[in-house]
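# Structural overview
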Amino acid sequence: MFGAKAVERVERLLADLVNTPFGGGEEPDWVLGTLRQCLDGDPVAQLPSAVRALLDHRAADDTVTTMTVIHECGLPWLTPHGQTWLEHLLGSGPAVLPREGRPSTSEDASGAFALQYALRHDELTALPRPVCDRILSWAPLGTVDDLIDAGVVTRDDEPWELRSDQWQRNYLRARLAPELVDRDTAEAIGWHQFLQRERFLDGEYVGGGEGELYDLLQRAAEGDTSVVKELEYVLPRTLVLRLRHVKDGALTGNWDPDVLADRGLWRLMSALWEPKAAVQPQRSAFHALAALRHAYDCICAGDLKRARAQVNRFLDREDGDPLQNAEAMNMSAYLAFLDEDLNTALIALTRVAGFQPAAEANLDLVKRRQATPRNDRPHPSNPYLELGLPNRSAVWKQRYRDLRREFVDDREEAARLNRAMRRIQQAEQHEDWSDFFALPLDESVFRLPDDPPGTLVPPVEPMPRQTASHDSDDADTVRRRAVADLLPTLLNAPRRPDHQHRTTQ
């Protein structure tokens, strides 16, 4: 651009610089005075210095606009290097510059020129370490993400410590050091994957897509063995191996201590494992609960021989959960009660009643039976247990119908079921269940934990990138920063000429 058009454009530029207020501080009086003098008459030699001094107080956008006009109008204000660098930055000059033809470290103080060059030529991995250190405090967040994706910036750089914006600090920490993020921070930055994992571990899982990781883990925690194979496709390799150890341990009832310590796996382990013999309760807390449940299951199944063997194993140990011990003692008393060994039942229940008040009713039942002639005594079994249900279960009718259909051709079993049904009906009719030996005393003691299987939950992964990759607006921001930073080396003008300094103030 030459001639009158160039003059008009320069005049418009100078007028805009003079008339546009700037909130970043007051420009020196001599600067604005020089610009007004040039607008009112012919340019003076101090004009380039005044423009440069003014731009020192203005935003990068003003600098880019001004330098673009200087270049396009052909004003002889640029240094030789400045001419080349400005043309490169504005896109009208060479895209490739030899290393020795680029600004030095002292000239490119913020690293903006080096960064824009690397972005332009896809050479982020070639950025020197000192340059990375300088750009992390100001580079657009998307550009920092580009550096992270390229492996140039890692958690060791701690870029979050260099950002002033709190959201960006939290975001970069989530991207590079997710283990340092807490739930409040994740909520603040909208990190849904982290929050979903935290809710699952806290037992607050409310369901998700069928077949997704946490849906499968929840089903595993509930004892659904059908999901084991599916989980192997979504878990990382190390956790797949752990899951296989859980499954393999069910063959013998032996698991590593760290598996046994995860209470969230107990339902799955119980569903996978079918004890072939009496369980040793002293092996672990899981085995103790499994032994208690196994004894109860044997009683409900009518396998009293195995039930006695399991109860005896439980009572042989000297310590353990007092509530579990009370239930085992109560089952021991029930088995003795069935055998009409009332003295043994009485001794056991006397010990239990001192700890578990619910056993008092059973103790009274044994005493009444002792006082009743043998021929006048009712059948000793608890009819609910004969149906495989806890005492006074509300679903006994459905259970009775299911068993009758199952044993439709077995007269002996049908007679047993009908006897149990009539006894329950009579108890409900008279609202009197005092002739039934109560077992269990407390159902919660037999209940498996509802904990999530924490050791199968994959470790928290870095937050997925939330910015656009290689965004053009980010690149333009870096370019503008480079133009502004290189201003002292682009313009062939002193910041404040001595003679101008003497003629003002």
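Thresholds, definitions, all that
- Residues numbered from 1 in each chain as written.
- Predicted model: local features only at pLDDT ≥ 70, side-chain atom pairs only at ≥ 80, totals over all residues.
- Heavy atoms only, no water.
- Phe/Tyr/Trp six-rings, centres within 6.5 Å; stacked < 30°, edge-to-face > 60°.
- Helix = DSSP H or I, 4+ residues; strand = E, 2+ residues; numbered from the N terminus.
- Buried < 20%, exposed > 50% of the residue type's maximum accessible area, 1.4 Å probe, protein only.
- Polar contact = N/O pair within 3.5 Å; in protein donor to acceptor, adjacent residues only side chain to side chain.
- Salt bridge = Lys/Arg side-chain N within 4 Å of Asp/Glu carboxyl O.

Following the criterion strictly, the structure yields 13 aromatic pairs and no others. Seen from their ring centres, F200 and Y214 are 5.3 Å apart, and the 45° between their planes marks the pair as tilted. One end of the pair, F200, is in helix α11 (residues 192-201); the other, Y214, is in helix α12 (residues 213-221), and 14 residues separate them in sequence. Each member of the pair, F200 as well as Y214, carries the same accessibility label: buried. Taken together, W255, W266, W273 and F286 form an aromatic cluster joined through their ring pairs.

Before going further, it helps to examine the side chain of D215. Of note, D215 is situated in helix α12. By relative accessible area, D215 is classed as buried at 14%. Separated by 2.9 Å, the side chain of D215 and the backbone nitrogen of G211 make a polar contact.

For the structure shown, the criterion picks out 32 salt bridges. A salt bridge links R197 to E198; its shortest N-O distance comes to 3.8 Å. With a closest N to O distance of 2.6 Å, D402 and R405 form a salt bridge. With a gap of three residues between them, D402 and R405 both fall in helix α23 (residues 396-406), about one helical turn apart. You can call R405 exposed: its relative accessible area is 55%. A single network of salt bridges, built from pairs that share partners, joins D145, D146, D149, R175 and R465.

That is the geometry; function is a separate question.
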